Amino acid sequence: SAHTIRAQNNGLILSPEAGLSLPRNAYNLPNLSASTGYQAGLHIDRKWKNFGLGLYGGYNAAGMGYDYRLPASNSGLSIERFQDIRQGRLSQLSVGLGPFLSFRLSEKIGLDLSSKFGISKINFPDFEERVRLGTSP
């Protein structure tokens, strides 16, 4: 959901945002499943008449899981699994800066346009899994 807060009509506009992060198709990677996460951000725009400059900061994260296809047990095999999950989440931290334009469509209706350009730091899940197969004694 998005909200706009105007501070004493001095041209400063704060627009917080928050919501769910709903990954789809596990990022098209085999055996990888993504779970619902969250996202939050804040736009801080400074406006002079119809033009302004905006700053954005945001964060989103989603849980990740790995599904293996080998059977859990087999009467003729000895199966040992070793997992090392150091980070089980996908997260992104973003910062952007850009122009802000404002138009009055009528006395009660306005249109605000902004575009932010910036950088993002993405942290991918970090895990390793090894499987040792042998014959049962």
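Residues numbered from 1 in each chain as written. Predicted model: local features only at pLDDT ≥ 70, side-chain atom pairs only at ≥ 80, totals over all residues. Heavy atoms only, no water.

## Considerations on the packing of aromatic side chains
Next up, step 1: Tallied over the entire structure, the rule returns one aromatic pair.
Next up, step 2: Consider the rings of Y38 and Y59, whose centres lie 6.1 Å apart with planes at 40 degrees: the pair is tilted. Taken as a pair, Y38 in strand β4 (residues 37-48) and Y59 in strand β5 (residues 51-66) lie far apart in primary sequence, 21 residues in all.
Next up, step 3: On the accessibility criterion, Y38 (40% relative accessible area) is partly exposed. (Phe/Tyr/Trp six-rings, centres within 6.5 Å; stacked < 30°, edge-to-face > 60°. Helix = DSSP H or I, 4+ residues; strand = E, 2+ residues; numbered from the N terminus. Buried < 20%, exposed > 50% of the residue type's maximum accessible area, 1.4 Å probe, protein only.)

## Brief notes about the environment of R132
Next up, step 1: Looking at the secondary structure, you find R132 in strand β10 (residues 126-135).
Next up, step 2: Judged by its relative accessible area of 48%, R132 falls in the partly exposed class.

## Quick look at the environment of H43
Next up, step 1: By secondary structure assignment, the location of H43 is in strand β4.
Next up, step 2: Placed 15 residues apart in sequence, H43 and G58 show a C-alpha to C-alpha distance of 8.7 Å.
Next up, step 3: Setting aside anything within four residues of it in sequence, one finds H43 in contact with I13, L14, S15, E17, L55, Y56 and K116.
Next up, step 4: Among the polar contacts made by the side chain of H43, one reaches the side chain of E17 at a distance of 3.3 Å. (Contact = heavy atoms within 4.5 Å. Polar contact = N/O pair within 3.5 Å; in protein donor to acceptor, adjacent residues only side chain to side chain.)

## Quick look at the pairing of strand β9 (residues 117-123)
Next up, step 1: Counting buried positions over the seven residues of β9 gives zero, only a small fraction of the element.
Next up, step 2: Bridge count between strand β7 (residues 89-104) and β9: seven bridges; the pairing is antiparallel. The residue bridging Q92 from the neighbouring strand is I122, located in β9. (Pairing = 2+ DSSP bridges.)

## Let's talk about the confidence of the model for the protein
Next up, step 1: On average, residues of the protein score 79 in pLDDT, and 69% of them are at 70 or above.
Next up, step 2: By mean pLDDT, strand β1 (residues 5-6) is the weakest element of the protein at 54, and β9 is the strongest at 93. (pLDDT = per-residue confidence, 0-100.)

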